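# Working through the structure, step by step
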Amino acid sequence: MREQPPGKSRPDLSDPRLDRVEVRHGDRFLLMRRGEHLVVANLAGKAQRINLPGVVRTVLLATGTGVTVMRDGIELPAETAAIVAL
């Protein structure tokens, strides 16, 4: 049985309506939320902890190794990003 592409199994990630995207930014980070999914990017040259608006169920994709999930946040290595499901 073939697995569905991520957009089919996770409609939040493929919805073309940009009015459904929430964006938050802070000290060298960017967080975009649509439904139960977040894209979190650490733009700093060092690792940093970023508070999240919910509890992470799973990390769907990370651009580097060393991502650490905590109860109310995520720690990302320098200049990395992750897509997570809440």
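Reference entry: report on the structure contained in this document. (Residues numbered from 1 in each chain as written. Predicted model: local features only at pLDDT ≥ 70, side-chain atom pairs only at ≥ 80, totals over all residues. Heavy atoms only, no water.)

## Quick word on the nonpolar core
The following threshold applies: Take the buried Ala, Val, Leu, Ile, Met, Phe, Trp, Tyr and Cys residues and link them wherever side-chain atoms come within 4.5 Å; each set so joined is a nonpolar core. Relative accessibility under 20% of the residue-type maximum defines a buried residue, over 50% an exposed one, and the middle range a partly exposed one, all with a 1.4 Å probe and only protein chains included. Note on conventions: DSSP H or I runs of at least 4 residues are helices, E runs of at least 2 residues are strands, and numbering of each starts at the N terminus.
Counting 12 residues, the largest nonpolar core is built from Phe 29, Leu 31, Leu 38, Val 40, Ile 50, Leu 52, Val 56, Ile 74, Leu 76, Ala 82, Val 84 and Leu 86. Counting residues per element, the ones that place at least two in this core are β2 (29–34), β3 (37–42), β7 (73–76) and β8 (80–85).

## A few points about the environment of Leu 86
Short version of the rule: Contacts were defined at the residue level, with two residues in contact if any of their heavy atoms lie within 4.5 Å.
Looking at the secondary structure, you find Leu 86 in the segment after β8. Distance in space between the C-alpha atoms of Leu 86 and Arg 49 is 17 Å, their sequence separation being 37 residues. Beyond its immediate sequence surroundings of up to four residues, Leu 86 is in contact with Arg 33, Glu 36, Leu 38, Pro 53, Gly 54, Val 55, Val 56 and Arg 57.

## Remarks on the pairing of β8
Test applied: In this analysis, strands are considered paired if DSSP registers two or more bridges between them.
In terms of burial, β8 is largely enclosed, as 5 of its 6 residues are buried. Here 6 bridges tie β3 to β8, and the two strands are oriented antiparallel to one another. Bridge pairing in β8 links Leu 38 to Val 84. When strand β5 (residues 58–62) meets β8, the two strands line up antiparallel, connected through 4 bridges. The residue bridging Thr 58 from the neighbouring strand is Ala 85, located in β8.

## Observations regarding the sheet that holds β3
Rules: Axis lines are fitted through C-alpha atoms, for helices just across the contact stretch, and the angle between N-to-C directions can take any value from 0 to 180 degrees.
Judged by pairing direction, the sheet is antiparallel, and its 5 strands sit side by side in the order β1-β2-β3-β8-β5 without closing on themselves. Edge positions in the sheet fall to β1 (22–26) and β5, since each of these pairs with one other strand and no more. Averaged over all pairs of adjacent strands, the angle between their axes in this sheet comes to 20°, without regard to strand direction.

## Section: the pattern of salt bridges
In plain terms, the rule: Salt bridges are defined as contacts in which a side-chain nitrogen from Lys or Arg sits within 4 Å of a carboxyl oxygen from Asp or Glu.
Tallied over the full model, the rule gives 3 salt bridges. A salt bridge links Asp 72 to Arg 49; the nearest nitrogen and oxygen atoms lie 2.5 Å apart. With Asp 72 in the loop between β6 (68–70) and β7 and Arg 49 in strand β4 (residues 48–51), this residue pair connects regions lying 23 residues apart in the sequence. The exposure class of Asp 72 is partly exposed, given its relative accessible area of 41%.

## Quick notes on the side chain of Gln 48
We apply this condition: Distance and chemistry together define a polar contact, namely a pair of N or O atoms within 3.5 Å, with one atom able to donate a hydrogen and the other to accept it when in protein, and with adjacent residues in sequence counting only for side-chain atoms on both sides.
Counting through the fold element by element, Gln 48 comes out in strand β4. Residue Gln 48 is classed as buried on the basis of its relative accessible area of 16%. A distance of 2.9 Å separates a polar side-chain atom of Gln 48 from the backbone oxygen of Arg 28. Not counting the four nearest positions on each side in its chain, Gln 48 is found in contact with Asp 27, Arg 28, Phe 29, Asn 42, Ile 74, Glu 75 and Leu 76.

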